[in-house]
Amino acid sequence: MDNFIIHGGRTVSGEVKISGSKNAALPILAATMLTREKCEIKNVPDLMDIKSTFELLNYMGKRCFFGFNTFTVHETSGLKHHAPYDLVRKMRASMLVAGPLLARFKKVRFSLPGGCSIGVRPIDIHLEAFKKMGAAVSYEGGDVILTAARLRPARLKFRFPSVGATENLMMCASLLKGTTVLENCAREPEIEDLARALVKMGASVEGAGTSLIRISGVDELKGLKYEVMPDRIETGTFMLAAAAAGGTLKLLNTDIALMKPVARALKKAGVKITSEKGSITITSSGGRPKPVNIATKPHPGFPTDLQAPWMAFMARAKGSCEVHEAIFENRFMHAAELMRMGADITVTDRKAVIRGVERLLGAPVMASDIRAGAALIVAAVAAKGKSIIRRIYHIDRGYEKIENKLRLSGVRIERVKA
Ligand code: UD1
């Protein structure tokens, strides 16, 4: 297992190229299961979750190649219908193959993903929706089995705008002749990216990015050539690192339109943000920010995936502020680690109160999930002295070459064997 050692207190300045979006790439790669034809997806970030998807698709019978951020998928023989525990437990998003496989083969079996450090994460919304389309649900040996003699297009309303359920159902409906109408859909930009990919494959998808999506499916979908959108969570993490440590950082290959709630909160905190087509520049003195309350919400609200890095930034606020976590029930594990670095935070249920401190001090800390790990990086670059971040395999799941990008921005960071 590797650790990061970061010597904080230097500015984060220069230029960083933002990678393709992990959360857009994962469903688009799952969508390649919808077609027999070759798919070529560009701007795919080289990170652990993509390697897990590579393993999963290969296991299911696809032939994948991945290099230079291009992921190619071929189909040469029949596909399996079973996503086993060993692959699904590594990455919850593995269950995104359920929609495509159910649509193609009327049968799919996948391991129940189980909970993780940020919450219970049930899959009832996915299953309810599949049932409405005619699937029967049964359980065996920790797996869910979905079968359908015939799937039918449906009009259905999600009880909560789940990102994964919206994606799974969009993919399933794309290969189903007739019109499916999904209400109370997630509106995240990654859903729009998936919709663009499905349209290129031959489906008709209207309304992605709004809460009502109408999909007119077809009997067969074509192969796909596609370039994944920029990663807005990576963009936000770098914005927060520069805001916390100080410096002028230009982020390339990204888009300010994806960053509205975060940019708004950063500006309120006193950070200067400018943008041009395809780039965002952050300028921060590295002084103590103004305290700003945030509450995570489904898009277009403040993204839960940036809540932890935001808390790291607010740890040095000039005053007190609150963070409300409305999406996941247990997403404050980073608070205790930030307190090891001198932060003053009280967590009650889904609310954290942060009383800003003059400075953070480097310390040995531990990442508990991808974004908690990102928060520790934001804190460590702004802290005085040396931090050791353990369990960085979580960070490697979601951030491509993060130490190289930080080093190029002036951060003293090393990856060392534990
Ligand atoms: C996706 C993102 C993740 C992000 C999350 C919320 C990917 C690969 N991951 O995860 O980074 O944090 O959106 O923006 O895109 N829920 C249920 N029942 C369900 C499904 C979800 O109760 O059937 C609950 C979850 O437990 C959670 C909330 O709904 O509390 C949001 O989950 P969801 O939007 O489905 O997130 P994911 O698609 O898993």
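Keep in mind the model is a prediction, meaning the values are calculated, not measured. (Residues numbered from 1 in each chain as written. Predicted model: local features only at pLDDT ≥ 70, side-chain atom pairs only at ≥ 80, totals over all residues. Heavy atoms only, no water.)

### A look at empty space enclosed by the protein
Here is step 1: Per the counting criterion, the structure on display carries 1 cavity of 30 Å³ or more.
Here is step 2: The volume enclosed by the largest cavity comes to roughly 60 Å³.
Here is step 3: Within the residue set of the lining of the largest cavity, elements represented by two or more residues are α1 (22–31) and α2 (48–60).
Here is step 4: In the lining of the largest cavity, the residues fall into 9 nonpolar, 2 polar and no charged. (1 Å grid on protein atoms, 1.4 Å probe; cavity = no way out; pocket = protein on both sides within 12 Å on 5 of 7 lines; lining within 4 Å. Points joined across faces, edges and corners; volume = space filled by probe spheres on them. Helix = DSSP H or I, 4+ residues; strand = E, 2+ residues; numbered from the N terminus. Nonpolar A, V, L, I, M, F, W, Y, C, P; charged D, E, K, R; others polar.)

### Quick look at the environment of Ile280
Here is step 1: Within the element layout of this structure, Ile280 appears in strand β17 (residues 279–284).
Here is step 2: Distance from Ile280 to Leu249, taken between C-alpha atoms, is 8.2 Å for residues 31 residues apart in sequence.
Here is step 3: When residues no more than four places from it in sequence are discounted, the contact partners of Ile280 are Thr235, Met239, Leu249, Lys250, Leu251, Thr254, Asp255, Ile256, Met259, Ile273, Thr274 and Ser275. (Contact = heavy atoms within 4.5 Å.)

### Some details on the site of the ligand
Here is step 1: Around the ligand, the surrounding shell holds 19 residues, and the nearest of these are Asp124, Ile125, Ser162, Asp305 and Ile327.
Here is step 2: The separation between an oxygen atom of the ligand and a polar main-chain atom of Val163 is 2.8 Å.
Here is step 3: Across the complex, the protein chains shield 87% of the 740 Å² of accessible surface that the ligand would expose by itself.
Here is step 4: Residue assignment for the shell around the ligand shows that the elements contributing at least two residues are α1, α5 (124–132) and α6 (163–174). (Near = heavy atom within 4 Å. Polar contact = N/O pair within 3.5 Å; in protein donor to acceptor, adjacent residues only side chain to side chain. Areas by Shrake-Rupley, 256 points an atom, 1.4 Å probe, with all protein chains shown as cover.)

### As for the domain arrangement of the chain
Here is step 1: Once the domains are mapped, the chain shows domain 1 (2–19 + 230–417) and domain 2 (22–227).
Here is step 2: Distance between the C-alpha centres of domain 1 and domain 2: 30 Å.
Here is step 3: The interface is formed by 23 residues belonging to domain 1 together with 22 residues belonging to domain 2.
Here is step 4: Taking both sides of the interface into account, the surface hidden between domain 1 and domain 2 amounts to around 1900 Å²; carbon and sulfur atoms contribute 51%.
Here is step 5: The largest per-residue losses of area from domain 1 upon contact with domain 2 belong to His299, Arg397 and Glu400, which jointly make up 30% of the total buried on that side.
Here is step 6: On inspection of domain 1 and its partner domain 2, the count reaches 2 salt bridges.
Here is step 7: Between Arg232 and Glu190 there is a salt bridge, with its nearest N and O atoms 2.7 Å apart. (Domains from an automatic or database assignment. Buried area = accessible area lost by both parts, 1.4 Å probe. Salt bridge = Lys/Arg side-chain N within 4 Å of Asp/Glu carboxyl O.)

### Observations regarding the pairing of strand β9 (residues 143–147)
Here is step 1: The buried fraction of β9 is high, at 4 of 5 residues.
Here is step 2: The sheet contact formed by strand β7 (residues 107–111) and β9 spans 5 bridges and is antiparallel. When the sheet's bridge partners are listed, Lys107 is paired in β9 with Thr147.
Here is step 3: As judged from the 5 bridges shared by strand β8 (residues 136–140) and β9, these two strands associate in the antiparallel manner. In the strand pairing of β9, Val137 is matched with Leu146.
Here is step 4: Counting the residues in the hairpin turn of β8 and β9 gives 2 residues, including Gly141, whose phi is positive at 55 degrees. (Buried < 20%, exposed > 50% of the residue type's maximum accessible area, 1.4 Å probe, protein only. Pairing = 2+ DSSP bridges.)

### Overview of the layout of surface pockets
Here is step 1: When its volume is computed, the second largest pocket comes out at roughly 280 Å³.
Here is step 2: Considering the residues around the second largest pocket, the lining is formed by 15 residues, among which Lys17, Ile18, Ser19, Glu400 and Lys405 are closest to the centre.
Here is step 3: When residues of the lining of the second largest pocket are traced back to their parent elements, those giving at least two are β2 (14–17) and α14 (402–408).

### Considerations on the side chain of Lys62
Here is step 1: Tracing the chain through its elements places Lys62 in strand β4 (residues 62–67).
Here is step 2: In this structure the side chain of Lys62 is engaged in a polar contact, spanning 2.7 Å, whose partner is the backbone oxygen of Thr35.
Here is step 3: A distance of 2.6 Å separates the side chain of Lys62 from the side chain of Glu75, its partner in a polar contact.

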